[in-house]
Structure formats: structure tokens, C-alpha cells
Amino acid sequence: MKHFKTGVLLVNLGTPDSPETPDVRKYLREFLMDGRVIDYPFIPRWMLVNLIIAPFRSPKSAKVYKELWTEQGSPLKIYGEKNERQLQEALGNEYVVKLAMRYQSPSIESKLDELKKAGVSRITVIPFFPQYASATTGSVYEEVNRVINTWQTIPEIRMVNNFYAHPLFIKGFVENGRKYLEKEKFDHVIFSYHGVPARQIKKGDHTGNYCKLGSCCNQISKVNQFCYRAQCFETTRLLVKELGLQEGTYTTCFQSRLGREEWIQPYTEQTIKDLAGKGIKKVLAFSPAFVADCLETTIEVGDEYKELFEENGGQHWQLVESLNDSENWINLLKDLVENGQLIASK
Ligand SMILES: C=CC1=C(C)c2cc3[nH]c(cc4nc(cc5[nH]c(cc1n2)c(C)c5CCC(=O)O)C(CCC(=O)O)=C4C)c(C)c3C=C
Ligand SMILES: [Fe+2]
Ligand SMILES: [Fe+2]
């Protein structure tokens, strides 16, 4: 029997082409005009994005992107490109590995086209989001389907949905965090995940009334297996268990709220103020919704939240780096390609 190659499409969110305001504006427009990110009808979404967010936010975001940018470019993209090479090497020449970005470049369409031209007989799509959200994983699925639907011949496609409970994902963050925990004593550990609007979580509840965004998210069951908030809590539980943290010494919270709508809670900013107000002085911060360090980890958690903590009386704030180009991350990607995902934990 002849063997044909398998394609692997790695997809991260995307980043501006440069940290200059026009490129940041172009990125924000494409990103926020996605109906899964700002899920308003087209006209109100267009007005909000083009008349309010893009003009006012772009120069401010460009300023922080300039702090993040390195000589090689945006860390999110640099790590993604390195992961593409690392995974290709780990999998060998039976596979063709390509990296795409959901927004800006390189596009999903261009990379699927390259896989088609390479003659692959099946494709595994791995969105770089540990926890499923409609705004991220859902959006990658939608775009992959849109492109594939234009093809005459549609190959076998497998799409990884999540890996928030995968042992290698947990191991990666545990090993990164342990380095700090073994060196010094922290008063508290924060697990800060990217937030989403509360309404979007409720929209994803297929029963219509199970998720109250409260203690219902404290365990994963058949009913809420796709709840982003519940998946984040599950990641925390698994990390806490492996790290041996005591009850009351850690908090799960949600960062990066945009706009006036309610987002999932507790908010990271409020958590930081509350902890500092209680006399907590030393905090170790994990950001396990991201597999690569980016604006949201390095700048928001690493710099801005550190500043907020110190302004409120905190003394020491330490960010745990993401999986980036680590061996654990490449082993996890290899396992997702070869064995599929493990849904939830026991
Ligand atoms: C971890 C997964 C992510 C979810 C869920 C998510 C939801 C989400 N994000 C916005 C708005 C913005 N996000 C921005 C940056 C950004 N977001 C993620 C990941 C998730 N977003 C990443 C990896 C990044 C960083 C990219 C980088 O270049 O380093 C930004 C842009 C930056 C800024 O101006 O603050 C916005 C805006 C919404 C509205 C949303 C849920 C609906
Ligand atoms: Fe985001
Ligand atoms: Fe929930």
C-alpha cells in the first residue's frame, strides 16, 4: 500500500505586521470584525469597530506593541514559526507542517493551499488555544471550513478542539512554574486566563440554561464540556494538583476585558487589588490560555499587572513564561497529531 503525506496546519491568533499604528489598525479591524469575536449584527459591529475601537485603540495598542516587538518581530509569530520547524523535524517527512494565523499573515487560505499543492491526503488542524472558545477555536474552524468548501476535492480533515487537560500541557506549565516555586516562597499564585464576554459563554450552552457562570463551572461534565470558563477552572485544578498548592493560596481569574459589557469573572484586575488589600506581598502569575508569550502575557500580565499590584502595596510579582519553544510543547503537538486529543480529565 502506498503512503501519502499528512498535512498539519498549526493556527495561532495573529499579530500586526509591524507595531506601527496603521498595521495595528489593520489587524484590529480584521480581528474585531470577525462575527465570532464581536458577535453583534454587521452594522452595529462595523460602527463600533471602525468608528470607535480602531481609531481610538490603535495608537494606544501600537505603543504597547512597540514595547513587545523584538528585532525578529512579534514574539507570537516568532515562536509559531519556530514551532513549525520544530514539529516538522519531530514528525519527519511523512508529514508537511504549516503555520497560519487566523488574522493577518500568513493566512489560513494560503497555507491550506500549500498543503493541497503538497498532495497531502489528510489534514490535522491544531488551533493554538488550550481551552475552546467560539472567538478563537470556533473562528479557526469556521475559516478552515470556508476555505475547504471551495475545493473540488475535500480531504479527510481532523480538527483538534482543545488540550486544556492534556498531561503534556499541564506538565509544560508545571515545570515552568516550579522553577520559581522552588527558588522562593510566594504568598499567592494567580492563574489569569484571557476573558470573553459572559454572554458568549451562555450562548454556547446548548441546554439554554445550565451555565450560570458560577459554581456550575467548577466541574466539567457532559453538559458543560465546551464551556470556556469551566475548561479554564479545570486547567487550574490540574496545575494546582501537580504543583501541590494549598486551598486558599491560589485564584483563577480572567483578564483583558474590552468594552462595557460584562465579561466572565472574577476579573484579574479586581483580584490583584483584593489580594494586595489583604496584605499579599509576593505573587506568582501563570497565564495558561496562551501557548506563546505575547502582548497579553509579557506586557499585560508581566508589566501592567505587576505595576497595578505594586501600586496597591504588593512587593514582588513574577510571571511564569509560556510553553514557547519548549520540548514539552513540541511533544504535546506531536501527540495531538499522532494520537488525537484527550477530552477532559478523569
Ligand atoms: C487565549 C485565547 C484568546 C481569547 C479567548 C480571546 C478573546 C478575545 N480577545 C479580544 C480582543 C483582543 N485580544 C487581543 C490580543 C490577543 N488575544 C489573544 C488571545 C485570545 N483572545 C492573543 C494571543 C492576543 C495577542 C496577540 C499578539 O499580537 O501578541 C487584542 C489586541 C491587543 C489590544 O489591543 O489589546 C484585542 C483587541 C476579544 C474581544 C475577545 C473575545 C470575544
Ligand atoms: Fe484577545
Ligand atoms: Fe459554565
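No experiment lies behind these values; they were computed from the predicted model shown.

Asker: Can you lay out the packing of helix α9 (residues 268-277) against helix α10 (residues 295-311) for me, pointing to particular residues and giving the numbers?
Answerer: Across the interface, α9 lies against α10 with an axial gap of 9 Å and an inter-helix angle of 30°. Here α9 is positioned roughly parallel relative to α10, judged by the angle of their axes. The crossing of α9 and α10 is right-handed. Facing Thr-268, Glu-269, Ile-272 and Ala-276 of α9, the residues of α10 in contact are Tyr-305, Leu-308 and Phe-309. Here the residues of the contact of α9 with α10 sort into five nonpolar, one polar and one charged.

Asker: Tell me what's going on with the domain arrangement of the protein, and back it up with residues and numbers.
Answerer: According to the domain assignment, the protein contains domain 1 (6-163 + 328-339) and domain 2 (167-319). Between the C-alpha centres of domain 1 and domain 2 the distance comes to 23 Å. With 24 residues of domain 1 in contact, the opposing surface of domain 2 contributes 22 residues. Sorting the residues of the side of domain 1 that touches domain 2 by element identifies α2 (42-68), α3 (75-91), α5 (134-148) and α11 (327-339) as the ones contributing at least two each. The element contributing the most residues to the side of domain 1 that touches domain 2 is α11, with five residues. Its residues assigned to classes, the side of domain 1 that touches domain 2 comprises 14 nonpolar, seven polar and three charged.

Asker: Talk me through the sheet that holds strand β6 (residues 250-255); I want residue IDs and the actual numbers.
Answerer: Spatially, β6-β5-β7-β8 is the arrangement adopted by the four strands of the open sheet, whose pairing is parallel. This sheet does not close on itself; its edge strands, each paired only once, are β6 and β8 (316-319). Put simply, the sheet's adjacent strands are angled 25° from each other on average, direction ignored. α10 rests against β5 (188-194), β6, β7 (282-286) and β8 of the sheet, and its axis sits at about 170° to β8.

Asker: Account for the sheet that holds strand β2 (residues 95-101), with residues named and values stated.
Answerer: The four strands are arranged β2-β1-β3-β4 in an open sheet whose pairing can be described as parallel. A strand with exactly one partner marks an edge of an open sheet, and here the two such strands are β2 and β4 (156-159). On average, each strand axis in the sheet is inclined to that of its neighbour by 20°, with strand direction left out of account. In this sheet, β4 lies alongside strand β3 (residues 122-127) in parallel orientation, the contact comprising four bridges. Bridge pairing links Thr-124 to Arg-158 in β4. Strands in contact with α3 are β1 (6-12) and β2; relative to β2, the strand with the most contacts, it is inclined by about 170°.

Asker: Run through the site of ligand 1, naming residues and quoting values.
Answerer: Within the structure, ligand 1 sits among 21 residues, and Thr-15, Ser-61, Ala-289, Cys-294 and Leu-295 are positioned closest to it. Mapped by element, the contributors of at least two residues to the shell around ligand 1 are α2, α5 and α10. Each residue belonging to the shell around ligand 1 can be placed in one class, and the counts come to 14 nonpolar, five polar and two charged. Two domains share the shell around ligand 1, each providing at least three of its residues, namely domain 1 (6-163 + 328-339) and domain 2 (167-319).

Asker: I'd like a rundown of the environment of Leu-213, residues and numbers included.
Answerer: Looking at the secondary structure, you find Leu-213 in the loop between α7 (198-203) and α8 (228-243). Of the residues examined, Leu-213 has 17 C-beta atoms within 10 Å and is grouped as partly exposed. The spatial distance from the C-alpha of Leu-213 to the C-alpha of Lys-202 is 8.1 Å, given a sequence separation of eleven residues. In this structure Leu-213 touches Ala-198, Ile-201, Arg-229 and Ile-264, once residues within four positions along its chain are discounted.

Asker: Tell me what's going on with the pairing of β2, and back it up with residues and numbers.
Answerer: For β2, the buried fraction is high: five of the seven residues fall into the buried class. The sheet contact formed by β1 and β2 spans seven bridges and is parallel. Residue Val-8 lies in a different strand from β2, and its bridge partner there is Val-97.

Reading the values: rules and limits
Residues numbered from 1 in each chain as written. Chains lettered and ligands numbered in written order. Predicted model: local features only at pLDDT ≥ 70, side-chain atom pairs only at ≥ 80, totals over all residues. Axes fitted to C-alpha atoms, helices over the stretch in contact; angles between N-to-C directions. Helix = DSSP H or I, 4+ residues; strand = E, 2+ residues; numbered from the N terminus. Parallel < 35°, antiparallel > 145°, perpendicular 65-115°, else oblique. Left-handed = near helix turned anticlockwise from the far one by under 90°. Contact = placed C-beta atoms within 7 Å. Nonpolar A, V, L, I, M, F, W, Y, C, P; charged D, E, K, R; others polar. Domains from an automatic or database assignment. Pairing = 2+ DSSP bridges. Near = placed C-beta within 6 Å. Buried ≥ 20, exposed ≤ 12 C-beta atoms within 10 Å, placed from the backbone.

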